[in-house]
Structures are given as structure tokens and as C-alpha cells.
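Inside the fold
Listed below are the residues making up each chain.
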Amino acid sequence: MQADRRHGLCGLAALAAVSLGGCAQPPARSPSTPAGPLLWPALPERPRYRHEARLRSAASVRDESSGAQLRRALAGDDDHRVSFGKPLAVAARRGRVYVTDTVDRRVFVFDLPRRRTFSFGLRREGELKKPAGICTDDNGLVYVVDSSARRLVVFDALGLYVGHIDGNRDWDRPTAVAAAPDGSRLHVLDVGGVDSDRHRVWSYDAEGRSLGWMGGRGEEPGRFNLPADLTLGPDGTLWVLDAGNFRVQGFDPAGRVVQNWGGVGTAVGQLARPRGLAVDRDGLVYVSDAMFCNVQVFQPDGRMLLALGGRAEADEPGRYRLPARLACDETGRVYVVDQALHKVEVLRRLSEAESDALMRAAPAA
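Presented here is an overview of the structure given in this document. Remember, predicted model here, so these are calculated numbers, not experimental data. (Residues numbered from 1 in each chain as written. Predicted model: local features only at pLDDT ≥ 70, side-chain atom pairs only at ≥ 80, totals over all residues. Heavy atoms only, no water.)

Within the largest apolar cluster, 34 residues are counted, with the highest numbers of intra-cluster contacts made by Val-97 and Phe-110. By residue number, the principal contributor to this core is strand E3 (residues 87–93), which donates five residues. (Core = buried A, V, L, I, M, F, W, Y, C linked by side-chain atoms within 4.5 Å. Buried < 20%, exposed > 50% of the residue type's maximum accessible area, 1.4 Å probe, protein only. Helix = DSSP H or I, 4+ residues; strand = E, 2+ residues; numbered from the N terminus.)

Our focus in this paragraph is the packing of aromatic side chains. Following the criterion strictly, the structure yields eleven aromatic pairs and no others. Note on Tyr-98 and Phe-120: the rings are 6.3 Å apart at their centroids and 65° apart in plane angle, and the pair reads as edge-to-face. You can see Tyr-98 sitting in strand E4 (residues 96–101) and its partner Phe-120 sitting in strand E6 (residues 116–120), a full 22 residues away along the chain. For the pair Trp-171 and Tyr-204, a centre-to-centre distance of 6.1 Å together with 85° between the ring planes defines the contact as edge-to-face. Of this pair, Trp-171 sits in the loop between strand E10 (161–166) and strand E11 (174–179) while Tyr-204 sits in strand E13 (residues 200–205), and the two are 33 residues apart along the sequence. Each member of the pair, Trp-171 as well as Tyr-204, carries the same accessibility label: buried. Feature note: the residues Phe-84, Phe-108 and Phe-110 constitute an aromatic cluster, connected by ring pairs. The aromatic ring of Trp-213 is capped on one face by Arg-200, whose charged end is 3.8 Å from the ring centroid. (Phe/Tyr/Trp six-rings, centres within 6.5 Å; stacked < 30°, edge-to-face > 60°. Lys NZ or Arg CZ within 6 Å of the ring centre and 35° of its normal.)

Once that is clear, we can look at unusual backbone geometry. With the exception of glycine, most residues fall at negative phi, and the peptide bonds are largely trans. Looking along the chain, the bond that leaves Trp-40 and enters Pro-41 is cis, with omega of -15°. With respect to the element layout, Pro-41 can be found in the loop between strand E1 (39–40) and strand E2 (49–55). The residue after Leu-43, namely Pro-44, is reached through a cis peptide bond having omega 15°. When you line up the elements, Pro-44 lands in the loop between E1 and E2.

Pairing is antiparallel in the open sheet, where five strands are placed in the order E1-E2-E25-E24-E23. On the outer flanks of this sheet lie E1 and strand E23 (323–328), each paired with one strand and no other. (Pairing = 2+ DSSP bridges.)

Most of strand E25 (residues 343–349) is tucked away: six of the seven residues are buried. Two elements, E2 and E25, share six bridges in a ladder whose sense is antiparallel. When the bridges of E25 are listed, Arg-54 appears paired with Glu-345. Sheet topology places strand E24 (residues 333–338) next to E25; six bridges connect them, and they run antiparallel. Opposite Val-336, over in E25, you have Glu-345 as the bridge partner. Remark: four residues form the turn of the hairpin made by E24 and E25, two consecutive strands paired antiparallel; His-342 in that turn has positive phi of roughly 50°.

In C-alpha cells:
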């Protein structure tokens, strides 16, 4: 890896002070005429998640004070002109939400505390051809897999180029990346292809030196078939969404399989068209499914807890048409990309106290 590392990022205070929740389907009411927060499960059941925000353009985070509106009017600014060509993956840390855009060939950033947006990956040595997976580390570094260029590009929190790993010799179709919190280990997922046996996870040290690979095509534990995503859990488990085998696998730091669950179908806890994978700070595993148009929440052992969202008849909060990748941040929020509706939804787990308060405030049945 070339060049020096830089640091950055800040907090997440700019999101509305609301929480979010999830059951297999959102409440039947239309969110366009809200009768309260959008929760999963819906009241009178005990809610566990709450819908918090939708992010799709600069207008999603703009300052609505009278002074800011006047400045925009005088400058002729139109916040709605900035949006996604085709969002795919998301990463979030300390108030910045990074979204890869495969059509506009950039990373679009929502800087929530500062109520602004910016993008990077468009010029000079950090130029991106087809940004796919993305993640961050505790140092503020942002890692972006460029699927077309077959390289992993490293930026600082503001989008300044730091370095890259060239994978042209080893990778066929790199699609996702996971980084250890301190940046000491990087894992790149190679989906291979229908005609390839190179369905692998490659590992690297902080300097970009290869530490080898694991996987290969197959159905046995430890092997993959068209893997779609990967992430690291808080205990160091490396989780891989083995989409072609309709399962999730977990690996310890030595590469041994410690979890292997899932299955194809439409029953509770099964997978039909899995697209994205995330793990939160408490070890819960989230899997997005484009067939169900929801996000399923699992215990690490594969026991399904609930599902968030549902199929979109209209562009409403908590409804999805083509959910893609996911991310969790240090606050417990979950970020869901919808490629068809060009949005990132922000969901938040409720504390027991918040859940109790909502149940107390609910009208009697």
C-alpha cells in the first residue's frame, strides 16, 4: 500500500432524535400520514426498532434555518440536484455515511453533524471506475473496492487518496471489503463468477502484503458459491454471505468455520435472494433479501429474531424495492441501501427504556 494514513470523522448528533424497529411487515398505515413513529414490531407488541431517516440527496441533511434558506436562495443552490446514479454499498462511522455509486463512479458522503454532503473518487490517483464494497476503520480510513479496476483504494475520512492494493493478479471480481478496527487486517471478497472457481476471501496486512486466501468454489463448509458480502463482528468473527449457497458462514481469526446456517426458501429464517450482510456492536447479524424486500435479523447462531421492512408499493419509509448492501455503526444504527428507490434508510435499535416508554404511551386497545 502506498502513501501515508490520515485521520478524521465526527459524531452522529444530526439525525432526528427518533428510533426505529422491525417486524416482518411494517405497520399497515401509510407513513405519508404518520400516526406516530414507524416501529418494528408495531404496537401493541414491544417495539425493538424504529425508522429514523431517509438519505437520498443533500436535501436530506440540509440546514433548514431561515438564514440557511436565504443563503441558498441568493446563491441559486438546488439541494435536490445531487443524488445517486445507482447506490450499492454503505459504511457509516462517527456521523459520516459513505455510499458507493456504481453509475456515477464515486463515493457520496452524508456528513450529518455538519449538515452537508460531498463526494470523492473522481480524480487523480484515487479515481474509481466501479466502486463496489466499502468499509471504514477506527483510524478514519475508508476502504473502497473498485470492481472494474480490481484494486482496493484507501482514502482518509475526507476522501483524500491514501494508497491502494492492486489485485489484478489475484482477483476476478472483487466485490466487498472488511477491515479490522485498527486497520491491521483487510479482507477482500472475490465473487469469482459463474465460470470461475476463484470464489475466495483474500487477506492482507496493514501494508497491503498478502496473507493468503481461503474458500474456493463448493458447497462444503468453508467454501463459497458466488459470495456476495462480508463483514467483521465485534468479537473478530469474519462473516461471509455465501449467496449462491443461500447461507451465512462465520470464521474465526484462524480461518476455521464457527458458524454455518441458512437455507433456500421462503420460510422464516430462509434466504431467497440475499444481497447484503452486516453485524452490529452486540453481534446481531443482518441480511438483506431482494426477494422478500426486507432485512432479516439473526442471532449469531442463525436463530431469526424478526424482519425489518417490506415490499414497496410506493416510495415510503420502511418499504424497499431492491435492497442491497447494509452497514451498522458504533451507535447501533442500521443503514439499508435501496438501489431501485435511490435511498439509504437509517434504522435504530431501541433501548429497553425507549421501548417501555412507547408501550406506555400507546393508546389502549
